[in-house]
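So you can see what is in the structure, the chains are spelled out below.
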Amino acid sequence: MRLVSLLVLSVLLNLSLLVHAQETVAPETVDMSSERLKRLEQHFQGYVDRGILPGLTTLVARKGSIVHFQTYGQMNREANKDMEEDAIFRLYSMTKPITGVALMMLYEEGKFKLTDPVGMYLPEYKNMQVYKSTADDGTLITEPTKRPMTVQDLMRHTSGLTYGVFGNTPVDVAYREGGLFDPSKNLEQLSQELAKFPLLYQPGERWVYSLSVDIQGRLIEVLSGKTLDVFFEDHIFKPLGMKDTAFYVAKDKHDRFVELYGIDGKGGMAPYRGDFYLQQHEKPAFLSGGGGLVSSTMDYWRFAQMLGNGGELNGVRLLSPKTIELMTLDHLPDGVKGMRDDAQGFGLDFLVVKDVTTLGTSGSVGEYNWGGLANTIFWIDPEEEVVAILMTNVVYQGDLPLREEMRQMVYQSIIE
């Protein structure tokens, strides 16, 4: 029996090595430079050496194959545990593109149209009111919406919703003071409670980062008849082999879960337990499609590479190339600016690059990307057939220029 077990273990190990070997190629075979990729490693090792990041991973793929996958520093300084390739990170908002893909899978099944009012499927969003002003006694004065909030509005952050945690508008404050962020609420309850508050602005008139993607998660549940975690598992994670991606870390994987760090006020870092801390050691009541997933670097590469391949990975197709194209067009109405400026528009749950000259680094028009609160980043460049990912879990009050520097290091490695 012991011999059989050893033989089975050997076969599984060899299969694992074979899969990894098939995924990884020498950079020169896809017109990238091994020597120049070493600059990327040296650059980000500097973040660890200077104590700016405890640990991280970087991954670069081109033409469907990984050419670089590196670990740096530690996943848990207090436990003196080195960063590992299969470390599990909190994704925060890098959850959003996964939710967008799930919703567009239902779009391909004819479950809805982008121009449909959200209220067709979530009745609580019928007859919404919009914030207009504040009365002397603090009451919010409202007016009716000029048009209904649409599914497209949810996916491009023009819904009129706000986030409640990043701003101090009267509506943001109302979210916080109104008990909206009770972690014991499920998606249905959150959606119903959120609809009781006025919108911050008229649908379609402004881009404001918001809880829109969490409402997309509820829409997925209603349209599919499955809870969000089950839909993700059945339709995305299992088909793509994303075995370490979920809304929480299973007990037998806790030793692979990266510690979350923040500034300690003394010029250093300490484990972070502030307002944005998510424990994620057990299944939460609130399945946040906007920021609730955990994942490994390799798992997220599988998801991102599927997008880069036009919706397919290893013979498994989740979306058609035309749907990916639709998601990565700029959907913002004329005159509406996105997160940063006119040069970067917004698609369906992706930021989309429209003008490379404003990036400050090399890049390509048509790149689409997003990131997470704890400084996780990824992007997909269809023109250069590049997928790039950086994973770390550090909550900084100010932004680190990781995306810009990762771009700089990746594109200088392309030699043809």
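What you see is a predicted model, and the numbers here were worked out from it, not measured in a lab. (Residues numbered from 1 in each chain as written. Predicted model: local features only at pLDDT ≥ 70, side-chain atom pairs only at ≥ 80, totals over all residues. Heavy atoms only, no water.)

*Asks:* Could you give an account of unusual backbone geometry, with specific residues and numbers?
*Replies:* For lysine 63, which is not glycine, the phi dihedral falls at a positive 55°. Secondary-structure assignment places lysine 63 in the loop between strand S1 (55–62) and strand S2 (65–76). Taking the relative accessible area as the measure of exposure, lysine 63 reaches 39% and is therefore partly exposed. Of note in this structure, aspartate 349 is not a glycine but carries a positive phi near 75°. (Helix = DSSP H or I, 4+ residues; strand = E, 2+ residues; numbered from the N terminus. Buried < 20%, exposed > 50% of the residue type's maximum accessible area, 1.4 Å probe, protein only.)

*Asks:* Any details on the sheet that holds strand S8 (residues 269–271)? Residues and values, ideally.
*Replies:* On the basis of which strands lie adjacent, the open sheet formed by three strands has the order S8-S7-S17 and mixed pairing. Every other strand in the sheet has two partners, leaving S8 and strand S17 (394–395) as the edge strands with one partner each. (Pairing = 2+ DSSP bridges.)

*Asks:* Tell me about the pattern of salt bridges, residues and numbers included.
*Replies:* Overall, the coordinates contain 21 salt bridges when judged by the stated rule. For the salt bridge of aspartate 86 with arginine 256, the shortest nitrogen-to-oxygen distance reads 3.3 Å. Of the two residues, aspartate 86 is situated in the loop between strand S3 (81–82) and strand S4 (88–90) and arginine 256 in the loop between helix H8 (228–240) and strand S7 (261–263); the sequence distance between them amounts to 170 residues. Its relative accessible area of 13% is what places arginine 256 among the buried residues. Where lysine 243 meets aspartate 244, a salt bridge forms, and the shortest distance between an N and an O atom there is 3.4 Å. A relative accessible area of 61% means that lysine 243 is categorised as exposed. Using a relative accessible area of 6% as the deciding quantity, one classes aspartate 244 as buried. Bridged by salt links that share partners, the residues Asp86, Lys243, Asp244, Lys253 and Arg256 form one connected network. (Salt bridge = Lys/Arg side-chain N within 4 Å of Asp/Glu carboxyl O.)

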